[in-house]
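What the coordinates show
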Amino acid sequence: MSVVSPILPKLVERDSYDEDLTDIDDEVFIRDGKNKLKLNDDGGVKRPLMASHRKYKKSYNFKTYGFLNKAGSGFIALIILLSLIILCIYIINIIPGPMSILKNWLSHNLKDSLHESNLIPCTSLTSKILWTKSLPKLTSESPIRSNDVNDDGIEDIIIGFSTGLDIMNIPEYACTSYFNGQVPCFGGVLALNGKTGDILWIHWTAHAIFSIDCGLDLTNDKIKDCIICGRNGILHAVNGYNGTSIWEIPVRDLSISEEWKFSDIYDARFIADINGDDVGDIIASHIIHSSKIHTSEILIISGINGNIIHNSVLPNTEQLFLAPQKLIHPDGENIFILVTSSQKQSSGLYIISQVNLIYGNLKLRKLHHDTGKGTLLPPILVDVTLDGIEDIVAAMFNSTIIVYNGLTFEPIWNYTVPNSEMEKLENLY
C-alpha cells in the first residue's frame, strides 16, 4: 500500500522592485503563541502568509552625482561673480562721482574708528643685556645714533664724546700724558659694533662734539656717512665706513677780537639738495658768544665739499641752539621750523619758507612766544590730523604741549601736565 503525501500548492516567486526592501529573502510563516512554527497535523509547515521575495536594486553612483552637482553650482557661482566684477568696473568708469563720495565716507569712518579705539598698554616687557662696553676717560654730551657702518645688517652705535680736556689754553702735551700721544684728543666720535660692542673706529677732534646726524651717504659706498658738530665751530663730515674725514669747515679765528670768545655749532642735520649738485646738503645753527652779545646764524653748507652756501643772521635778541627742521607742503614748498631762546629765558617758535630764507630777508612768522619756564624744547613733526601732512608738536619746560596744523599753522590743541616739568620730547614714529 503506497503512502500518500499531501500535496502543497507551489509557491510562486516574484521579483520585487520595491527599493525600500532589504537584500535578505524573507518568508513569513504562521506562528503559534509560543513563538514556534505552526505545524499541521502531519508535521508539515503550514502555508506561509506571503511568498518570499528578493530585492532587485538599481545601482546608482551617488558620489559621481554629488560631485557633478557641486561642480555645476561652483561654475554658476563663478559666472555670477565675474559678472558682478565687470558690472562694478563699468559703473566706476561711467560714474566716478559716487566712488569719491564713498571714499570720503570710508576715510571718515576710519578716522572715527581710530579715535574711538582703545589702546592697551604693554604690561609684560622684559629686557636682556647683550653686551656692555666701558669707555674710560670719555664723557658724552651728544645723542646716540644708530648706523650700520660695517654692513652686517645690524645697526651699530655712533657716540659723540669729550675727554674733559676741552677747555681754553690746554697744551697739547696733555694728550701725550692721557691718551698715548693722540693729537687732537679733546673730543671725537666713535662707532661700536652693534652685535659685540667692540670699537670699529674712532674719529678724533680738537673739541667736544654736541650733535651727530648719520642720515645721508655722501661717498656713494651704500653706507651712510655722519655730520658731527660741536664746540669752537667744529663741523666735520665723517666717512661712515672707516671714520675718516670727508671734509671739515675751518674753525673761525676769533683771537683778533677780545670781544668774541666762543664760537659753537650746537646742531647740524642733513637736508635735501639746495645748490643743485644732486648731493644732500647740511643746515646748522651757529652761535658766537661774547661778553656782551650773543649772535646766532643759520648756516647752509654743501654736502659734497663743506662750502658755505648761505648764512642768515638772527636778531640779537634770539639765539638758535637747534638746527631748523624742514616741513614739506603738498605743493613741494619747503618750510623751515625754528626754535629760539634768549638770555631772558624766553623762547619762540617760528617758521620761514626756504625761498625767503635763502633769497629774501629773514622774516620769521611767529607761532608762539613765551617767557620763564615756557622755554621750548625741540619740536617733533608727526601727522596728528591724518591728512598726509606732518604737524608740529611743540613742548615747553613747564610741561605744556601745543600742536599746530602743518598746513595752516593754526593751533589744534594744547595740554598742560600740572605740577611737572619736561626735559625732552621723543618722536616714536
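All of these numbers come straight from a predicted model, not from anything done at the bench.

Tallied over the entire structure, the rule returns two disulfides. Between the sulfur atoms of C175 and its disulfide mate C185 the distance is 1.9 Å. Across the disulfide from C175 to C185, rotation about the S-S bond amounts to roughly -80°, and the bridge is consequently left-handed. Within this pair, whereas C175 is found in helix α3 (residues 173-178), its partner C185 is found in the loop between α3 and β6 (187-192), the two being separated by 10 residues in sequence. One disulfide in the model links C214 with C226; its S-S distance is 2.0 Å. On the S-S bond that ties C214 to C226, the torsion sits near 105°, and the link is right-handed. Within this pair, whereas C214 is found in strand β8 (residues 209-216), its partner C226 is found in strand β9 (residues 225-230), the two being separated by 12 residues in sequence. Taking relative accessible area as the criterion, C214 reaches 10% and is therefore assigned buried. Relative accessible area serves as the criterion here: at 1%, C226 is assigned to the buried category. For the protein chain, the bonded cysteines connect in the pattern 1-2, 3-4 when numbered consecutively along the sequence.

Read from one edge to the other, the open sheet built from four strands follows the order β4-β5-β6-β7, with strand pairing classed as antiparallel. The open sheet is flanked by β4 (145-147) and β7 (199-205), the only strands paired with a single partner. Within this sheet the neighbouring strands show an average axis-to-axis angle of 25°, counted without direction. Here six bridges tie β6 to β7, and the two strands are oriented antiparallel to one another. The residue of β7 that forms the bridge with G187 is T205.

So, how was this worked out
- Residues numbered from 1 in each chain as written.
- Predicted model: local features only at pLDDT ≥ 70, side-chain atom pairs only at ≥ 80, totals over all residues.
- Heavy atoms only, no water.
- Disulfide = S-S within 2.5 Å.
- Helix = DSSP H or I, 4+ residues; strand = E, 2+ residues; numbered from the N terminus.
- Buried < 20%, exposed > 50% of the residue type's maximum accessible area, 1.4 Å probe, protein only.
- Pairing = 2+ DSSP bridges.
- Axes fitted to C-alpha atoms, helices over the stretch in contact; angles between N-to-C directions.

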